[in-house]
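# Structural description and commentary
So you can see what is in the structure, the chains are spelled out below.
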Amino acid sequence: DAKTTQPPSMDCAEGRAANLPCNHSTISGNEYVYWYRQIHSQGPQYIIHGLKNNETNEMASLIITEDRKSSTLILPHATLRDTAVYYCIVRVSNTGNQFYFGTGTSLTVIP
Amino acid sequence: DAGVTQSPTHLIKTRGQQVTLRCSPKSGHDTVSWYQQALGQGPQFIFQYYEEEERQRGNFPDRFSGHQFPNYSSELNVNALLLGDSALYLCASSPGQGGRETQYFGPGTRLLVL
């Protein structure tokens, strides 16, 4: 299964953009990159996903490099409520719909 | 539109006992997956149910079993509880089995085994 590497923790000032990196160098051509976040023992919350092109929704933007070996989740204007653990996941297409979570990045938004 | 719901929210059991956790999927979803999340770790896939059958399974022993009902709701059963089974148990639902659809998670059930 494709694995992801994320920094264990990051800080971001409130109101600034939070840029969360993820490396997935073994990703296959038909595997999607998903981002979820988890706020203190709640269920993971879906943020965004993409295959090749950059994606944007009301929560965030996802930038995927051309070689697809890494991606960056961007929260454009971080608020205190964005403090959470962020998981970058590559879904293994040949094993169906399950997700393999790593340990994620703990983002702290500082006032 | 209700999201994924799980019950109970918290549960305390003793070693050797059995436990049943319940999950109702998001409206319009027919596939349910279960995950175990130990403290400080990311969720680990247990198994997935679709059309009332277990379709995929992660690296969990046979003590972990499940069921899906005709209304797509699901149960997770754990027998002969061990201290190491203490964790947050998450249910996720999605539309379509084996597809490429996004999973939506419930709030989880916190199980403590003493």
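Before going into details, it helps to say that this report is about the structure given with it.

What counts as what
Residue positions are given per chain, counting from 1 as you read along its sequence in written order. Chain A is the first chain written and ligand 1 is the first ligand written, with later ones labelled in order. For this predicted model, a pLDDT threshold of at least 70 governs which residues receive local features, and a threshold of 80 or more governs which side-chain atom pairs are given and counted, while totals over whole chains, interfaces and linings are taken from all residues. Working from all heavy atoms in the structure, the side-chain values ignore hydrogens and water. Cysteine sulfurs are considered disulfide-paired once they come within 2.5 Å of each other. The way it works is that DSSP assigns letters per residue, a run of H or I at least four long becomes a helix, a run of E at least two long becomes a strand, and they are numbered from the N terminus. Paired strands, in this sense, are two strands between which DSSP finds at least two bridges. Here a salt bridge means any side-chain nitrogen of Lys or Arg lying within 4 Å of a carboxyl oxygen belonging to Asp or Glu. Note on classification: 1.4 Å probe, protein chains only; a residue is buried when its accessible area is under 20% of the maximum for its type, exposed when over 50%, partly exposed between these limits.

### A word on the state of the cysteines
All names here are of chain A. Summed over all chains, the structure comprises 2 disulfides over all chains. In this model C22 forms its disulfide with C88; the gap between the sulfur atoms is 2.1 Å. Disulfide C22-C88: the torsion about the S-S bond is -80 degrees, which places it as left-handed. On the criterion of sequence distance, the pair formed by C22 in strand β2 (residues 18-23) and C88 in strand β8 (residues 84-90) is long-range, its members being 66 residues apart.

### As for the sheet that holds strand β6 (residues 61-64) of chain A
All names here are of chain A. Strand order in the open sheet made by the 4 strands is β2-β7-β6-β5, with antiparallel pairing throughout. This sheet does not close on itself; its edge strands, each paired only once, are β2 and β5 (55-56). As paired elements, β2 and strand β7 (residues 70-75) share 6 bridges and run antiparallel to each other. Bridge pairing in β7 links L20 to L73.

### So, the pattern of salt bridges
All names here are of chain B. For the structure on display, the rule yields 5 salt bridges over all chains. Two residues, D85 and R63, come together in a salt bridge whose shortest N-O distance is 2.9 Å. Linking D85 in the loop between β8 (74-78) and β9 (87-94) with R63 in the loop between β6 (53-57) and β7 (64-68), this pair joins segments that are 22 residues apart in sequence. The two residues D85 and R63 agree in class, both being buried.

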